[in-house]
Amino acid sequence: MLDRIESICVGIGFGLRIFLVFVQSKIRNYFEQSGEFVTPLNSWKRVVEGIYLRKLNVSPYFGSIVHETPLSLFFYSKLHIFANKYVESLFILADLLSAFITYKVACHILNGYYVQQTKEQSTYKKDSKILLLSREILRKSSYTVLLCAMVNPLSIGTCVAKSSLVFHNLLLTMTYYFFMTYQLIPFILTLCLVSSISMYPIVLIVPGLLQFSLNTNKQRSIVRTIFVFILFVCMSLGILFVNFSINHQSWSFLDAIYNFIFYVPDYTPNIGIFWYFFTEMFDHFRSLFVWTFQMHVLILYLFPFTLRLRNDPAFLFWLLCAVFCIFKSYPAYGDIAFYINYLPIWSFVFRYLRNGLVIICMMLVAILMAPITWYLWIYTGSANANFYFAMTLVFNVSQTFLLSDLIYAYLKRQFFLKNGTTIPNINGVEYQLEFL
């Protein structure tokens, strides 16, 4: 049963979604056509067209219409059959479920931090007691996560737009939940499913290896690590062949999904940076920069983050999610909402953020100005693509600042716990801390 605060938060989230979906039809139409919420990868209109093509025994992967996996399309076709008139209700329920599971994940993460703090408290300096977490702080942080997930405008807009990201995020949230509750088989299954949809979550196997490689003595086991990796590979191949079978023994979906994501042939404007950059790119440079951009998302941050955060797989999991949500080839506000909803978990490090006000202002300005510059560009013709791209660039830079600032704050708090909050003086001059 839900307690009073949980019930209020869920009720607010449910009421907002019902009002915008079923009462404000003009607002709903705006969201369904907005490039910030809908991309070629998650458009429900494209999904419906793919469903009808399947009914006509025509491959939905001819042309460049559908970019969902055959398994996803099969799932959506069943939803469309059983709830054709109530599709909006299914999106609302899926979004609310995702928000509530996010809250449960937050509770597990915060409880894990409290248990770890209890074990390591004897190694902390005495003057760092002000940094210690209390049950009250954990309770408030978890409720803040629930409220954020329920009222986040980016989450609500994604739900109202009927973007398939609602279901993608639900699957990714379930992956995070199974990760935090140490359920290996469900974690591997959901991770393989979500990786088959958008490719980028494949990097999450790394924190998975850190999380599930611990033996009963809390020591990392190479045998367990190899077992988890082999299980992930086998299940990924199994899902790949399931998609092959559903698609009438055809591999046509590979080009329509993975090549489409990796090589970015569609330049429909979105909140990312790929579309504008490759519109201006000379063809003979294109392959080099496509690989550079994709390796930037998949590999560049993976190893340094893993080495530095190997003792905190939960934070590493969230950080890698944030990286690929920001820098993926076809991002939408639904991707950003996924990782933003978890941000209050680490509210205990916010005191060490250096550019909090600047980041908030940049994000708000970018979100508010993006539809205005789009209108000036597309409808009135008094602006051009540079205006819209400027807002997407500001939005991406602000998110980069957010991640770097949060990592700095996290490491600074860890340092103070181990070494105390008093910075020593050398020859009467106070030391300056630098976290490189």
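Q: Tell me about the overall build of the chain, residues and numbers included.
A: Of regular secondary structure, the chain possesses 19 helices and 2 strands. Over its C-alpha trace the chain gives a radius of gyration of 23 Å, about what one expects of a compact globule, namely 22 Å for 436 residues. The proportion of buried residues among the 436 residues of the chain is 52%. Taking all contacts inside the chain whose residues are at least 6 apart in sequence as the whole, residues at least 24 apart take part in 74%.

Q: Tell me what's going on with empty space enclosed by the protein, and back it up with residues and numbers.
A: Tallying each qualifying case throughout the model produces 6 cavities of 30 Å³ or more. Looking at the largest cavity, its volume works out to about 140 Å³. Along the wall of the largest cavity there are 16 residues; nearest its centre are Asp95, Ser98, Ser155, Asn169 and Asn341. Elements represented by at least two residues in the lining of the largest cavity include exactly helix 5 (87-120), helix 7 (153-160), helix 8 (165-180) and helix 17 (333-340). Residues belonging to the lining of the largest cavity are distributed by class as follows: 7 nonpolar, 8 polar and 1 charged. Of the pockets and cavities examined, the second largest cavity occupies roughly 100 Å³. Taken together, Thr39, Leu41, Asn42, His67, Leu165, His168, Ile197, Ser198, Ile261, Lys328, Tyr330 and Asp335 make up the full set of residues lining the second largest cavity. Contributing elements (two or more residues each) for the lining of the second largest cavity: helix 8 and helix 9 (184-198). In terms of residue class, the lining of the second largest cavity is made up of 5 nonpolar, 5 polar and 2 charged.

Q: I'd like a rundown of helix 14 (residues 283-300), residues and numbers included.
A: Helix length check: helix 14 (18 residues) gives 24 Å between terminal C-alpha atoms against 26 Å at 1.5 Å per residue, within 8%. The sharpest bend along helix 14 reaches about 30° and sits at Gln294. Those residues of helix 14 that sit buried are Arg286, Val290, Phe293, Gln294, Val297 and Leu298. Contact partners of the buried residues in helix 14: helix 12 (252-263), helix 13 (274-279), helix 15 (302-308) and helix 16 (313-327).

Q: Describe the side chain of Glu68, with residues and values.
A: Within the secondary structure, Glu68 is located in the loop between helix 3 (44-55) and helix 4 (70-82). Among buried charged residues, Glu68 stands out as having no salt bridge; its nearest opposite-charge side chain is Arg46, 9.6 Å away. A polar side-chain atom of Glu68 sits 2.8 Å from a polar atom in the side chain of Ser164. Look past the residues within four positions of Glu68 in its chain and what remains in contact with it is Leu41, Asn42, Val47, Tyr61, Tyr76, Ser164, His168, Ile197 and Ile257.

Q: Any chance you could break down the layout of surface pockets for me, citing the residues and the numbers?
A: Taken as a whole, the largest pocket spans an internal volume of roughly 1200 Å³. Around the largest pocket, the lining is made up of 36 residues, and of these Gln116, Glu120, Asn311, Asp312 and Pro313 lie nearest the centre. At the level of secondary structure, the elements contributing two or more residues to the lining of the largest pocket comprise helix 5, helix 10 (205-212), helix 15, helix 16 and helix 19 (385-419). Top element by residues in the lining of the largest pocket is helix 5. It accounts for 9 residues.

Q: Describe in detail the side chain of Asn247, supporting the description with residues and values.
A: Tracing the sequence through the fold places Asn247 in the loop between helix 11 (222-246) and helix 12. Asn247 sits in the buried class, given a relative accessible area of 7%. Once residues within four sequence positions are removed from consideration, Asn247 is found in contact with Tyr61, Pro70, Ser252 and Phe253.

Q: Let's hear about the nonpolar core: which residues, and what values?
A: Counting 141 residues, the largest nonpolar core has Tyr176, Trp318, Tyr339 and Trp346 as the members making the most contacts within it. Those residues in contact with Trp318 that lie beyond four places of it in its chain are Tyr176, Tyr339, Tyr342, Leu343, Trp346, Leu403 and Leu406.

Q: Outline the state of the cysteines, supporting the account with residue identities and numerical values.
A: Applying the stated criterion across every chain, the model contains 0 disulfides. The thiol sulfur of Cys192 is not disulfide-bonded, and the nearest other cysteine sulfur, from Cys234, lies at 9.5 Å. Using a relative accessible area of 2% as the deciding quantity, one classes Cys192 as buried. Residue classification places Cys234 among the partly exposed residues on the basis of a relative accessible area of 48%.

Q: Can you explain helix 16? Please cite residues and give values.
A: An ideal rise of 1.5 Å per residue puts 21 Å on 15 residues; helix 16 measures up with 21 Å between its terminal C-alpha atoms. With 15 of its 15 residues buried, helix 16 lies for the most part within the structure.

Q: Help me get a handle on unusual backbone geometry, residues and values and all.
A: With phi around 60°, Asn57 is a residue other than glycine that occupies positive phi space. Its place among the elements puts Asn57 in the loop between helix 3 and helix 4. Judged by its relative accessible area of 68%, Asn57 is exposed. Even without a glycine there, the phi angle at Met199 is positive, about 75°. Following the sequence through the fold, Met199 ends up in the loop between helix 9 and helix 10. The class for Met199 is buried, based on a relative accessible area of 17%.

Cut-off values and rules
- Residues numbered from 1 in each chain as written.
- Predicted model: local features only at pLDDT ≥ 70, side-chain atom pairs only at ≥ 80, totals over all residues.
- Heavy atoms only, no water.
- Helix = DSSP H or I, 4+ residues; strand = E, 2+ residues; numbered from the N terminus.
- Rg over C-alpha atoms; globule rule 2.2 N^0.38 Å.
- Buried < 20%, exposed > 50% of the residue type's maximum accessible area, 1.4 Å probe, protein only.
- Contact = heavy atoms within 4.5 Å.
- 1 Å grid on protein atoms, 1.4 Å probe; cavity = no way out; pocket = protein on both sides within 12 Å on 5 of 7 lines; lining within 4 Å.
- Points joined across faces, edges and corners; volume = space filled by probe spheres on them.
- Nonpolar A, V, L, I, M, F, W, Y, C, P; charged D, E, K, R; others polar.
- Expected span 1.5 Å × (residues − 1).
- Bend = angle between axes of the 7 residues up to and from the residue.
- Lys, Arg positive; Asp, Glu negative; His and termini not counted.
- Salt bridge = Lys/Arg side-chain N within 4 Å of Asp/Glu carboxyl O.
- Polar contact = N/O pair within 3.5 Å; in protein donor to acceptor, adjacent residues only side chain to side chain.
- Core = buried A, V, L, I, M, F, W, Y, C linked by side-chain atoms within 4.5 Å.
- Disulfide = S-S within 2.5 Å.

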